[in-house]
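Residue strings, one per chain:
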Amino acid sequence: MNTLQRLPRNLWVLAATLSLVMTAIPLMVLISGLLGSELASNPALATLPLACAVIGTAIVTIPAALLVRAKGRRFAGFTGIACVGGGALSGLLATELNSFTCLLLGAVLIGGAMAFFQQFRFAAIESLSNPADAGPAVSVIMLSGIVSALIGPELGAWGRYWPGFAQYSGSFILLLIIVGLAALVFNGFHNPLLQKTDEPDGGRPLGQVIRQPVFIIALASAAIGYAVMSFLMTSTPISMHSHHGHSLLDAKWVIQSHLLAMFLPSLFSGFLLQKFGVLRLMLAGGALYIGVLIVALSGQALLHYWWALVLLGIGWNFLFLAGTTLLSKSHSNAERFKVQAVNDFSVFSLQALASLSAGWVLVQYGWSTQVWLSLLPVGVLLMLALWMFFRRDPL
């Protein structure tokens, strides 16, 4: 409790804002594939909107970091909120005009906004007076996803059929209201003040920073964790609903459970990190991913999907928390913007590739092949973590 009490007000404003704006992602996870299958000319393009959201995140990561550096985290945060609003409006036009192009544009805008919101975890760390609180602080930021995981899919269900509107138009109208509330909450955020250092502007050369083992393992943990999670999650509603006959309510329950599993462990994962260390948490995340593959290959019943997606969510939480915490140890204040930009660009580019290929792999080869393909990156991650662990690096 002492740790939580000394966390700054900025952190709670960031967490509250994220709990609202991040509802856009679970909403898109649930309905974008279903809308895409109706609006696209080719069923194989059904997951393209969600892939475009991830692509939007990837291409905006570097501009977002540059904007943070030039205008501050407060200005960049409001820019992200505006992007979500634009994405919700474009999604509304997609449903009303029966336009796949508008759906893709809305997905890109929402994805681009996520690049700004990913910066919130760094803003949280910068707002701390005690660097040792980084793990719990990032956990609080991730914990905010519980609210969005609960609300997002419900927006899809509540807004599916509104009299006088096209299917799912109400979902995007509700999202617009949520975005307005988020802007009011974020108004309470103030740019953190950082201590000045004697380093030259920009610190060490970027190549020197990214060659460090601590940076490499941090990037691998976040990038592989995100890519495998996205590769399987993107296809799940389509595999369940369109290929194996499960209802939309069943698909919503599985996605909601997955999203809760992504964020609910943040109640304790930050303290697990403090107690057992980053590498042990990373190894636990990799082991959970192996469990995902075993369960998913065991069948396509509702509980197979549910257990696989729940384990996938918990594993992602451990891996992303470990990667984010390690990244903060790889750079100084002067180096933070360029290192964070390279990290996030790499993470979300790989995630975009995973999302973009997910629908094609599912349509061409089926769910089981998609699960088997996930084994290689998970194995690479476990080998890297074990290598670092037996080197006994003080991480």
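Here is a short report on the structure shown in this document.

Rules of the game
- Residues numbered from 1 in each chain as written.
- Predicted model: local features only at pLDDT ≥ 70, side-chain atom pairs only at ≥ 80, totals over all residues.
- Heavy atoms only, no water.
- Salt bridge = Lys/Arg side-chain N within 4 Å of Asp/Glu carboxyl O.
- Helix = DSSP H or I, 4+ residues; strand = E, 2+ residues; numbered from the N terminus.
- Buried < 20%, exposed > 50% of the residue type's maximum accessible area, 1.4 Å probe, protein only.
- Patch = residues over 30% accessible without salt bridge, like charges linked within 9 Å, V, L, I, M, F, W, Y side chains within 5 Å.
- Areas by Shrake-Rupley, 256 points an atom, 1.4 Å probe, with all protein chains shown as cover.
- Disulfide = S-S within 2.5 Å.
- Axes fitted to C-alpha atoms, helices over the stretch in contact; angles between N-to-C directions.
- Parallel < 35°, antiparallel > 145°, perpendicular 65-115°, else oblique.
- Left-handed = near helix turned anticlockwise from the far one by under 90°.
- Contact = heavy atoms within 4.5 Å.
- Nonpolar A, V, L, I, M, F, W, Y, C, P; charged D, E, K, R; others polar.
- Expected span 1.5 Å × (residues − 1).
- Bend = angle between axes of the 7 residues up to and from the residue.
- Core = buried A, V, L, I, M, F, W, Y, C linked by side-chain atoms within 4.5 Å.

Topic: the pattern of salt bridges
Line of reasoning, step 1. Applying the stated criterion to the full structure yields 3 salt bridges.
Line of reasoning, step 2. A salt bridge links D344 to R121; the shortest N-O distance between them is 2.8 Å. Taken together, the positions of D344 in helix α17 (residues 336–365) and R121 in helix α7 (residues 120–126) put the pair 223 residues apart, joining distant regions of the chain. Comparing D344 with R121, the two get one shared label, buried.

Overview of a nonpolar patch on the surface
Line of reasoning, step 1. On the surface, a cluster of nonpolar side chains totalling about 350 Å² of accessible area is made up of L89, L93, L97 and L176.
Line of reasoning, step 2. You can see L93 is positioned in helix α5 (residues 73–97).
Line of reasoning, step 3. Classification of L93 by relative accessible area gives partly exposed; the value is 40%.

Thoughts on unusual backbone geometry
Apart from glycine, the bulk of residues carry a negative phi angle, and the bulk of peptide bonds sit in the trans form.
Line of reasoning, step 1. At N98, a position not held by glycine, the phi torsion is positive, near 55°.
Line of reasoning, step 2. Its place among the elements puts N98 in the loop between α5 and α6 (100–118).
Line of reasoning, step 3. Relative accessible area serves as the criterion here: at 57%, N98 is assigned to the exposed category.
Line of reasoning, step 4. Residues other than glycine seldom take positive phi values, yet Y168 does so here, at roughly 75°.

As for the state of the cysteines
Line of reasoning, step 1. Following the criterion strictly, the structure yields 0 disulfides and no others.
Line of reasoning, step 2. Here C83 is not cross-linked by a disulfide; its sulfur's nearest cysteine counterpart is in C52, at 15 Å.
Line of reasoning, step 3. Take C102: it sits in no disulfide, and the sulfur closest to it among the cysteines is that of C52, at 13 Å.
Line of reasoning, step 4. For C102, a relative accessible area of 17% corresponds to the buried category.

Some thoughts on the packing of helix α3 (residues 24–39) against helix α10 (residues 169–186)
Line of reasoning, step 1. Where α3 meets α10, the axes come as close as 12 Å, and the angle between the chain directions of the two elements is 165°. Of the possible angle classes, the one that applies to α3 and α10 is roughly antiparallel. Here α3 and α10 pass one another in a crossing that is left-handed. Contact with α3, carried on its side by A24, L27, M28, I31 and L35, involves S171, F172 and L175 of α10 and no other residues of that element.
Line of reasoning, step 2. Here the contact of α3 with α10 is composed, by residue class, of 7 nonpolar, 1 polar and no charged.

A few points about α3
Line of reasoning, step 1. Helix length check: α3 (16 residues) gives 20 Å between terminal C-alpha atoms against 22 Å at 1.5 Å per residue, more than 12% under.
Line of reasoning, step 2. The largest bend along α3 reaches roughly 40° and is located at I31.
Line of reasoning, step 3. Of all 16 residues in α3, 13 are buried, a share of seventy percent or more.

A short note on the packing of helix α12 (residues 213–243) against helix α19 (residues 375–390)
Line of reasoning, step 1. In the contact formed by α12 and α19, the axes pass within 10 Å of each other and the chain directions differ by 155°. Considered as vectors, α12 and α19 are oriented roughly antiparallel to each other. The two elements α12 and α19 meet at a crossing, and its hand is left-handed. Across the interface between the two elements, P213, I217, A220, S221, I224 and V228 from α12 touch P377, V378, V380, L381, L384, A385 and M388 from α19.
Line of reasoning, step 2. Class assignment of the residues belonging to the contact of α12 with α19 gives a composition of 12 nonpolar, 1 polar and no charged.

Observations concerning the nonpolar core
Line of reasoning, step 1. Membership of the largest hydrophobic core comes to 129 residues, with the highest contact counts inside it found for F117, L232, M282 and W316.
Line of reasoning, step 2. A total of 18 residues in this core trace back to one element, the largest contributor, which is α12.
Line of reasoning, step 3. Look past the residues within four positions of L232 in its chain and what remains in contact with it is V292, L293, L312, W367, Q370, V371 and S374.
Line of reasoning, step 4. V68, A76, F116 and F337 belong to the second largest nonpolar core, which has 7 residues in total.

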